[in-house]
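The primary structure of each chain is shown beneath.
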Amino acid sequence: MTEGITTPGAGWRRADGPPAQKRQKRRRRRGGGRPGGEVAMVEEAEFTSYYGRPIIKPPVWKTPDVPLYLFLGGAAGSSSIMAALTDLTDRPALTRNARYVSGGAAIASVVFLIHDLGRPERFLHMLRVVKPTSPLSIGSYILAPFSAAAGATAAVELLGWFPRLKRFGGVVAALFGGPLATYTGVLFANTAVPSWHAAHKELPFVFGASGMAAGGGITMALSPIEEAGPSRKMAVAGAAIELAAMHRVETEFGIVSKPYHVGKAGRLLRAAKSCTAAGAALTVVAGRRRAGAVAAGALLAAGSLLTRFGVFEAGMASARDPKYTVVPQRERLAAREAGQQVASNGHAPTITR
Amino acid sequence: MTSVSSASPAFTGRDPDNRLYGPLPDVQAEAGYDGDHPARVGFFTDTSVCIGCKACEVACKEWNFLPMDDAHGVRDVMGLSGMSYDNTGQLGANSWRHVAFIEQTRTVDLPMPTFGRPGDDRNDTGRSVTDGPNDESLATAQQSSVLNAEALSEFDPQTGQSGTDKQIRWLMSSDVCKHCTHAGCLDVCPTGALFRTEFGTVVVQGDICNGCGYCVPSCPYGVIEQRKGDGRVFKCTMCYDRLTDGLQPACATACPTQSIQFGNLDELQARADARLATLKSQGVETARLYGRDEDDGVGGAGAFFLLLDEPEVYGLPPDPVVTTRDLPAMWKSAGAAAAMILGVALSAVLGSRRK
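Residues numbered from 1 in each chain as written. Chains lettered and ligands numbered in written order. Predicted model: local features only at pLDDT ≥ 70, side-chain atom pairs only at ≥ 80, totals over all residues.

**Describing the overall build of chain A**
Which entries qualify depends on this criterion: Helix and strand definitions here come from DSSP, where helices need a minimum of 4 consecutive H or I residues and strands a minimum of 2 consecutive E residues; each element is numbered from the N-terminal end. Working definition of burial: number of other C-beta atoms within 10 Å of the residue's own, with buried at 20 or more, exposed at 12 or fewer, and partly exposed in between, all C-beta atoms being placed from the backbone.
Scanning chain A for helices and strands turns up twelve helices and one strand. Each of the 353 residues in chain A was classed as buried or not, and the buried ones make up 59%.

**Some details on the confidence of the model for chain B**
All names here are of chain B. Worth spelling out the cut-off: pLDDT is a per-residue confidence score from the predictor, ranging from 0 to 100. With C-beta atoms placed from the backbone, a contact is any residue pair whose C-beta atoms sit within 7 Å.
Of all residues in chain B, 79% have pLDDT values of 70 or greater, and the mean over the chain is 84. Here residues 1-6 scores under 50 on pLDDT; set against residues more than four positions off or in separate chains, the count is 16 contacts. Within the model, pLDDT remains below 50 along residues 108-114, and this stretch shows 21 contacts once partners closer than five positions in the same chain are excluded.

**Thoughts on the UniProt feature "binding site: [4Fe-4S] cluster 2" (unreviewed entry) in chain B**
Residue and element names in this part refer to chain B. The condition that has to hold: UniProt positions are given in the numbering used here, feature names are shortened, and annotations may be inferred rather than shown by experiment.
As annotated by UniProt and renumbered to match this structure, "binding site: [4Fe-4S] cluster 2" (unreviewed entry) occupies C60, C236, C239 and C251. The named residues occupy 192 residues along the chain; their greatest pairwise C-alpha distance, 10.6 Å, places them in one compact cluster. Along the chain, C60 falls in helix α2 (residues 55-64). Beyond its immediate chain neighbours, meaning those up to four positions away, C60 contacts L66, W96, R97, A250 and C251. Tracing the sequence through the fold places C239 in the loop between β7 (233-234) and α7 (240-244). Given 23 C-beta atoms within a 10 Å radius, C239 is considered buried. For C239, the residues in contact, after removing those within four places along its chain, are W63, P249 and A250.

**A look at the UniProt feature "transmembrane region" (unreviewed entry) in chain B**
Mapped onto this structure's residue numbering, the UniProt feature "transmembrane region" (unreviewed entry) falls at residues 329-350 of chain B. Secondary structure content for residues 329-350 of chain B is 100% helix and 0% strand, and the end C-alpha separation is 31 Å.

**Brief notes about the nonpolar core**
Residue and element names in this part refer to chain B. As a reminder of what qualifies: Definition of nonpolar core: a set of buried Ala, Val, Leu, Ile, Met, Phe, Trp, Tyr and Cys residues joined via C-beta atoms within 7 Å. What counts as a domain boundary in this text is fixed by an automatic or database domain assignment.
Ranked by size, the top nonpolar core spans 187 residues in total, and within it C185 and C215 carry the most contacts. Taken domain by domain, this core gets at least three of its residues from each of domain 1 (36-103 + 172-321) and domain 2 (328-355). When residues no more than four places from it in sequence are discounted, the contact partners of C215 are C185, V188, C189, L194, I224 and V233.

**Quick word on the environment of A:Q341**
As for its position among the elements, A:Q341 is in helix α12 (residues 322-345). Each C-alpha atom of the pair A:Q341 and A:L165 lies 66 Å from the other, and the pair is 176 residues apart in sequence.

**Regarding helix α8 (residues 203-222) of chain A**
Put simply, the rule reads: Here the expected length of a helix is defined as 1.5 Å per residue gap, with one fewer gap than residues.
With 20 residues, α8(A) should cover 28 Å at 1.5 Å per step; its first-to-last C-alpha distance of 28 Å lies within 8% of that length. The element α8(A) is extensively covered by neighbouring structure, given that 19 of its 20 residues are classed as buried.

**Focus: the sheet that holds strand β3 (residues 168-176) of chain B**
The line we're drawing: Strands are labelled as partners when DSSP assigns at least two bridges between them. Throughout, an axis means a line fitted to C-alpha atoms (over the contacting stretch in the case of helices), and angles, computed between N-to-C directions, take values from 0 to 180 degrees.
Pairing is antiparallel across the open sheet formed by three strands, whose spatial order is β1(A)-β2(B)-β3(B). Where the open sheet ends on each side, the last strands, each with one partner, are β1 (13-14) of chain A together with β3 of chain B. Pairing analysis gives nine bridges linking strand β2 (residues 97-105) of chain B to β3(B), with the strands arranged antiparallel. By the bridge assignment for β3(B), B:H98 is matched with B:D175. Sitting on the sheet, α2(B) is in contact with β2 and β3 of chain B, with an inclination near 165° to β2(B).

**Notes on the sheet that holds strand β9 (residues 288-290) of chain B**
Residues and elements named next belong to chain B. One open sheet accounts for four strands, arranged β8-β1-β10-β9; its pairing is mixed. The sheet terminates laterally at β8 (260-264) and β9, the two strands that pair on one side only. Across the sheet, the mean angle separating the axes of adjacent strands is 20° when strand polarity is ignored. Across three bridges, β9 lies against strand β10 (residues 303-307) in antiparallel orientation. Of the residues in β10, the one forming a bridge with R288 is L307. The strands touched by helix α9 (residues 265-281) within the sheet are β1 (41-46), β8, β9 and β10, with β8 carrying the most contacts at an inclination of about 135°.

**Notes on the interface of chain A and chain B**
Note the threshold: Charged residues are taken to be Asp, Glu, Lys and Arg, nonpolar residues to be Ala, Val, Leu, Ile, Met, Phe, Trp, Tyr, Cys and Pro, and polar residues to be all remaining types, Gly included.
Counting from both sides, the interface comprises 87 residues of chain A and, opposite them, 84 residues of chain B. For the side of chain A that touches chain B, the residue count by class is 43 nonpolar, 27 polar and 17 charged. In this structure, β1(A) lies alongside β2(B), joined through two bridges in antiparallel fashion. Considered in β2(B), the bridge of A:R14 is made with B:Q104.

**Here we look at the pairing of β10(B)**
Residues and elements named next belong to chain B. Among the five residues of β10, five are classified as buried, and the element is accordingly described as predominantly covered. Of the two faces of β10, the one lined by A303, F305 and L307 and the one lined by F304 and L306 are each fully buried. For β1 and β10, the ladder comprises four bridges, and the chain directions are parallel. When the bridges of β10 are listed, F43 appears paired with A303.

**A short note on helix α11 (residues 290-320) of chain A**
Between its first and last C-alpha atoms α11(A) spans 45 Å; for 31 residues at 1.5 Å apiece the expected length is 45 Å, and the two agree. Burial analysis of α11(A) places 24 of its 31 residues in the buried class, the great majority of the element.

**Considering the UniProt feature "transmembrane region" (unreviewed entry) in chain A**
All names here are of chain A. The UniProt entry lists residues 68-88, 100-118, 138-159, 171-193 and 205-225 under the feature "transmembrane region" (unreviewed entry), expressed in the numbering used here. In residues 138-159, helix accounts for 100% and strand for 0%; the two terminal C-alpha atoms are 32 Å from one another. Measuring from the first to the last C-alpha atom of residues 205-225 gives 28 Å, for a span that is 86% helix and 0% strand.

**Here we look at the domain arrangement of chain B**
For chain B, the assigned domains read domain 1 (36-103 + 172-321) and domain 2 (328-355). For domain 1 of chain B and domain 2 of chain B, the distance between their C-alpha centroids amounts to 45 Å.

**Describing the environment of B:E225**
Its place among the elements puts B:E225 in strand β6 (residues 225-226). What makes B:E225 buried here is the crowd of 22 C-beta atoms within 10 Å. In this structure the C-alpha to C-alpha distance between B:E225 and B:D36, which are 189 residues apart in sequence, comes to 33 Å. Among all residues touching B:E225, those that are not within four sequence positions of it are A:K57, B:G73, B:G92, B:A93, B:V216, B:V233 and B:F234.

**Quick word on the confidence of the model for chain A**
Per-residue confidence for chain A averages 88 on the pLDDT scale, and 86% of its residues sit at or above 70. Here residues 348-353 of chain A is a poorly scored stretch, pLDDT under 50, and it has seven contacts once near neighbours within four places are set aside; other chains count.

**As for the packing of helix α9 (residues 229-251) of chain A against helix α10 (residues 327-351) of chain B**
What counts is decided by this rule: If an angle is under 35 degrees, it is roughly parallel; if it is over 145, roughly antiparallel; if it lies from 65 to 115, roughly perpendicular; otherwise it is oblique. For any helix crossing, the convention is left-handed if the near helix is rotated counterclockwise from the far helix by under a right angle, and right-handed if that rotation is clockwise.
For the pair α9(A) and α10(B), interaxial distance at closest approach is 8 Å and the crossing angle is 140°. In terms of orientation, α9(A) and α10(B) fall into the oblique class. Our pair here, α9(A) against α10(B), has a crossing hand that is right-handed. Here A:P230, A:K233, A:M234, A:A237 and A:G238 of α9(A) come into contact with α10(B), specifically with B:V344, B:A345, B:A348, B:V349 and B:G351. Class assignment of the residues belonging to the contact of α9(A) with α10(B) gives a composition of seven nonpolar, two polar and one charged.

Here you go:
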């Protein structure tokens, strides 16, 4: 038999029909149904799979636990920094509110994180070892001191005890606040989930900026407008950076950017964008009026929350469809082969895959 | 509090010792074992002689007391996949060996007896290995079969009315945890439940795992999985308990065709190279080794395969890369983003005048 030599893959095809039928069905649905008339960025790619089954296992993280944890961690982290800085510049009401926000959100995020474990009673096993290769390990060592410090600071603020300890606790929380808001991007990116991993440089910025928008928005809504200037500025800057970074995630990565546009994730992220943009605009226009500040803060918080849910769902979708695993890896292999041919022949290859 | 991550020094700068990525000559030493550790062991799964009997699956379930599950890993449910003879479906918490089954149509280039479909021999005399068809008619048949690819896929196997040169082959491959040189699951485990054994394999300690689930999406092969109702994760241990007693893993012991070969990894690699050369010399051009290359994305696998088609046909990723390869870049990015928050907050506070 000589086919093997002449035809790549010896011309073998799956004998039974499902993948071909499925592909056709998907095309038809795409043509008709998608609202908004968004232009498909990537052509439907040809790929092989094992009966359409996913190659990687989708994360077992629960929703809403994990997206809520990300949202609360982001809001808590940025608020704690705000609280520590405003404490030094005599803005008592804003400081107090930022401390309540960061303390409350920190404690709640710990609850959500523990609830997400398969064996919640073993949550202390997180602190058995320190592993820089595990974002969740490092995250535990960020979250544990942060939630202790932020929680304690909020508690003494509430009770009115130990004013000096309050300032110290606030500074400790602020030290861990930034990493808490951004490490979650690494947590997601350091997986084999195609749409998360591809955006591994951008996700920490998306989550950090989204945390600023949420933290700034919430503290702005809660505080007297004459004190809330820093919150407004942080909220607007956070919203702008979030929109810019998210735009990169949604456009820069070819086929694995697609899950951010379609289905549930696409709807969530479109809503997130609208909320964030509207919240930022409202902050600029009406942030110095009570009602405007409250509405803008709520919009920004909602935008941040929706961003987390959207990114979470996009990753889940990219893990469930083998296309997002196979096609980029095939492209990578083809590029490598092309590179080798250039290296060995001294000229560009005429035939790629 | 101890550190089990020997990869930690990689974060101090570049990665000169390939702690995160690249070939690693002594994976146990890198994990902290003394020089007198046993040799690294592995599986070589030669799918060209797999007969799909699933003895490996049964032996594995029996030895490791794995619960029954259906084709989607749902525990204690009996269910057929409805897609092929494969009713195991996938690797998971309850299936540590999975025999993939793929039926393909076209002409045969396997070193096994070709067999026509019922009715294949109605229009011509029925080609088989023994016939030795003349080259020209074969070439013509191939030509037309390529052109008729679409028509062939419409073909009804029950009637045998068309596709005179159409033949069928069955690909069977017993998939298993790859026990990677750079194992994503091991890298990301925050509790130290996953560890590198003295044999170079990767094993979960059930009494440590707290079910955080981080290893699940971090495996580029989708091997490790959380068991519903238990909460912890499970995967192939390469029968760690048997290895420590000088026995072979259950699957390799049960395999009747030596498709699953267990042994020291370097011996298996030499054997696999020889086997590949034999198959190539017999004209099986599509044969290739998968997971053998130490320069691949996971630094070479402890369990590697001889495949007869592209990896994705078997449900394997064509170019898996350990996710932690990019982790230094991610931490850098997170640090920069944290600094950005601090900078924005600082300028927001300093730039706002108290009214």
